[in-house]
Number of protein chains: 2
Amino acid sequence: MAAEILRPLSINEVTDWADTADVVIIGYGCAGAAAALTAHEQGASVILLEMLSGGGGSSAMSGGEMYLGGGTPTQRACGFDDTPEAMAEYLIGALGPNAPEDKIRLYAQDSLEHYDWLTGYGVPFKPSFYDEPSWVPPTDDGLMWLGENAAPFSSITPMAPRGHRVQSDGFGGKVLMQHLMAAVEATEVRVQNDSRAVRLILDGDRVAGVVVRSFGENRAIRANKGVIITTGGFIDNPRMVEQHAPQMIGVGTNSDGNDNGSGILLGQSVGAGVRRMSAGQIGIAFVPAFMTRGIVVNWQGQRIINEDVYPGRVGQTALYEHDLEVWVILDEQAFEEVSDDLSWGARPHHVAETVEELEELCGFPAGSLRDTIAFYNEHAARGEDPLFGKSARWLRPLTAPFGAMNVRNSFAESPEKARNDQAGPKGSAAGVFTIGGLHTTVDGEVCDLVGEPIPGLYAAGRASSGLHGWGYVSGTSLGDGTYFGRRAGRAAAG
Amino acid sequence: MAAEILRPLSINEVTDWADTADVVIIGYGCAGAAAALTAHEQGASVILLEMLSGGGGSSAMSGGEMYLGGGTPTQRACGFDDTPEAMAEYLIGALGPNAPEDKIRLYAQDSLEHYDWLTGYGVPFKPSFYDEPSWVPPTDDGLMWLGENAAPFSSITPMAPRGHRVQSDGFGGKVLMQHLMAAVEATEVRVQNDSRAVRLILDGDRVAGVVVRSFGENRAIRANKGVIITTGGFIDNPRMVEQHAPQMIGVGTNSDGNDNGSGILLGQSVGAGVRRMSAGQIGIAFVPAFMTRGIVVNWQGQRIINEDVYPGRVGQTALYEHDLEVWVILDEQAFEEVSDDLSWGARPHHVAETVEELEELCGFPAGSLRDTIAFYNEHAARGEDPLFGKSARWLRPLTAPFGAMNVRNSFAESPEKARNDQAGPKGSAAGVFTIGGLHTTVDGEVCDLVGEPIPGLYAAGRASSGLHGWGYVSGTSLGDGTYFGRRAGRAAAG
């Protein structure tokens, strides 16, 4: 990141405008595409800038889950009722503490309309249900739980599965982006690849354009109405990670390798505020199908969570509370129940005929895991989990022989996943990305350090802090990126 | 905080300079005082601005612990050897992850000299040792452990107590500030109270002064050599807490009520970067003397930490990992061992003849605390704590009857402590302050968003991120505030 990005250019210093549009968008992931389509629908002329030689970004590398609900056709086809209110309540809890209720309520209230907008561009959701906790279903099913049916949320709000997975052979992000990019290309939106935004241009207080670097030359692009930053997060900027999220140093990343935080810095260069820069999505390498059937313990042999919860919640607990020193303990039946499709090639690191032997192999304090399993089994036999409230569906006494998988050394053999997650010095223990970013209003306006909108500047997607307090749920990045990308596009064009 | 703080003033817009000095310092806590004394020692003329009607700030409200070591006269008088290397290793571990090693190594290497500097101004450290974990000793003893003798640190680095507590009747911060302020007042440093810095003045890229608001009027003060921001943290700015540290919302605060983040915002207004804004010192209301003699458990009845560790470490675990839903479990002997001086009036919320009864009273899952105590007792009888490595000194089987104290409803009756901690909506469960802030070099230069120093701008104390990664130890705020305040004063005057 060059220091040049830090200094906005005064419009008086611009001698030559290489190009002009009503709305200039920086970054061609899902948020940029949604913003471009909507600004164009509103009659605005649009330039969409992309640093790389083609669009897609981390959106195209993702699993392709969209958090949608309120009674979508996919939900109804699978036999589930839902309401916007129930959806909002779940997100306020799961994305908290202090998730922005104004954004979440709008997002939930408009979710059906947003579903229609997506499917109107051909984004496919297969009307079939995948009924296990998972990062991404091994099937092409279109609907899945994302923790709504797990404690503590299952007792707080009416349950409905809201993980809408874009139908695909494998990860669905590429299919989402194929459809959105095809839609963009069918319009007059001018996509300019190989174009890196390096400075914002200010007309007084107002953001009025962007300096773009392409093939070694700088060009000034004028934005008559607004500039929208949709550049993604900053997990690929080691300096920003070190500044804001020391827990994530050395952990593997989950991105296209170009989530460099440049848009966040561009915003800050004109006085933008940022929010929750230390928060992250922690995709631990544990296979949810294994976790759910066993127990997850720390190195003291204590259980740490209900294992049927959204797996990112296990990930946050594992990294922030236990520095990834956590294990899944399983028995033979659990291993046998998990098909090869589901296991992603993961195998136990230790197996043992007795719990005492397993304690020794794993280095647990003698007797600790023994007590944990005895307590778990005693209650599991009755379909109860008094410690964490795991659903009776997954409760069953675990019986010897046992196996143990360590998250630090766990790995997934899915070629797609291996390609997507960039291992860090801590190995393939987790693939993380950042969820903090620019402070925005519900219309994507970027706010300054005291919360006032900066004229002419908008942001959406992971360059903003979006729907999130500290928690995360799959589908809220593609979801808030496209939804608030649209709102930003509409506001900027208006 | 008015929006005016956001916009630096160009020097060309200044028509009238109300005052001029080589070095202008904003904020008269320990860091400001140290910076002023040092800049003055270097021959610089100094103006020291204070928002309130007198100096002291949160430094004067604090316990008065300074983290010092390397073999200070106080340590030697109490019979302890120490080295700068051992001190640095402890801080790198305890303040991590990713605590800044360059700052810590300088801080440790110069600690003896810094001790001499402090005592040279009359700051008193009584050469006597207080040998229990504590927030602040109930005595006026001058030396205490701050976790150096507790796992995991006790096995990583040579142990030495380094908590130097300014001798005082009660909290020592006021005594520290009395001495430093007396020293400042003996110089030609011009202290200007009731003077709130509202804008920085820029000469090109260089910070060249401050706009100060006093009694409704703005004055421009020119800084020929540098401006030093020593305004403290931001725990009293609800907007900044909400932006950066959602976990701290609703928790009680530990400050003078004026840690409003204004200096951090001033720095950001000229492009400064910030670090670790979500991190905090969590002073839970548990009395360490009770914790150490009992066990600390979460609402699942699981132990969460070795109870003899630095109590702020329990606090971070309690807030970030358990949302303050933690309890101390004690037996009669433990209560009897804690004198009234030490207990700060805290009493058990529940007492019970049996562990089963206590589980019911506290709402623990039946059998959970029973298992925890049985495991603890079995090993404590042998002087072992295989789960967390608590020191054998504090290990003893706990026997019925039992008592339980809940951190959420715990309170301290010490008038000084009650006055100091501002209870939040979550009650007196904890008194917290922020430890993130402006990014500075080892010489207190404030860095911009890509890490380059901003000419003419310096910071120290809790307006900067100081020595900290994510962890905290008492005495590192007064310690880094005075030490890096001095370095900033020297650099700005140079």
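Residues numbered from 1 in each chain as written. Chains lettered and ligands numbered in written order. Predicted model: local features only at pLDDT ≥ 70, side-chain atom pairs only at ≥ 80, totals over all residues. Heavy atoms only, no water.

Draft legend 1. Region of interest: the side chain of B:S474. Residues and elements named next belong to chain B. Among the structural elements, S474 can be located in the loop between β23 (453–459) and α17 (476–493). A relative accessible area of 7% means that S474 is categorised as buried. Within polar-contact distance, the side chain of S474 engages the side chain of Y310 at 2.7 Å. Contact partners of S474, with chain neighbours within four places excluded, come to E65, Y67, W135, L146, Q281 and Y310. (Helix = DSSP H or I, 4+ residues; strand = E, 2+ residues; numbered from the N terminus. Buried < 20%, exposed > 50% of the residue type's maximum accessible area, 1.4 Å probe, protein only. Polar contact = N/O pair within 3.5 Å; in protein donor to acceptor, adjacent residues only side chain to side chain. Contact = heavy atoms within 4.5 Å.)

Draft legend 2. The arrangement of a negative patch on the surface in detail. Residue and element names in this part refer to chain A. Judged by side-chain charge, E332, E336, E353, E357 and E360 come together as a negatively charged surface patch. For the negative patch, the secondary-structure elements that each account for two or more residues are α12 (332–337) and α14 (355–362). Structurally, E360 can be placed in helix α14. What makes E360 exposed here is its relative accessible area of 69%. (Patch = residues over 30% accessible without salt bridge, like charges linked within 9 Å, V, L, I, M, F, W, Y side chains within 5 Å. Areas by Shrake-Rupley, 256 points an atom, 1.4 Å probe, with all protein chains shown as cover. Salt bridge = Lys/Arg side-chain N within 4 Å of Asp/Glu carboxyl O. Lys, Arg positive; Asp, Glu negative; His and termini not counted. Charge placed at Lys NZ, Arg CZ, Asp CG, Glu CD.)

Draft legend 3. Representation of the sheet that holds strand β16 (residues 326–331) of chain A in the model. Residues and elements named next belong to chain A. Strand order in this open sheet of four strands is β15-β16-β18-β17, and the pairing throughout is antiparallel. Both edges of this open sheet fall to β15 (295–298) and β17 (350–352), since each of them pairs with a single strand only. Neighbour-to-neighbour, the strand axes of this sheet turn through a mean angle of 25°, independent of strand direction. Pairing geometry for β15 and β16, over four bridges, is antiparallel. Among the inter-strand pairings, N298 is bridged to a residue of β16, identified as V326. In this fold helix α15 (residues 368–380) packs onto β15, β16 and β18 (402–406), with an angle of close to 150° to the strand it touches most, β15. (Pairing = 2+ DSSP bridges. Axes fitted to C-alpha atoms, helices over the stretch in contact; angles between N-to-C directions.)

Draft legend 4. Seen up close, the pattern of salt bridges. Residues and elements named next belong to chain A. Following the criterion strictly, the structure yields 42 salt bridges over all chains and no others. Ionic pairing is found between D110 and R487, a salt bridge with its closest N-O pair at 3.7 Å. Of this pair, D110 sits in the loop between α5 (101–109) and α6 (111–120) while R487 sits in helix α17 (residues 476–493), and the two are 377 residues apart along the sequence. For the pair D110 and R487, one class covers both residues: buried. Salt bridges sharing partners connect three or more residues here, namely R303, E307, D385 and K390.

Draft legend 5. The arrangement of the nonpolar core in detail. Within the largest apolar cluster, 203 residues are counted, with the highest numbers of intra-cluster contacts made by A:I284 and B:I284. Sequence-distant contacts of B:I284, that is, excluding residues within four places in its chain, are made with B:W135, B:M291, B:P311, B:V314, B:G315, B:A318, B:L324, B:V407, B:A429 and B:A430. (Core = buried A, V, L, I, M, F, W, Y, C linked by side-chain atoms within 4.5 Å.)

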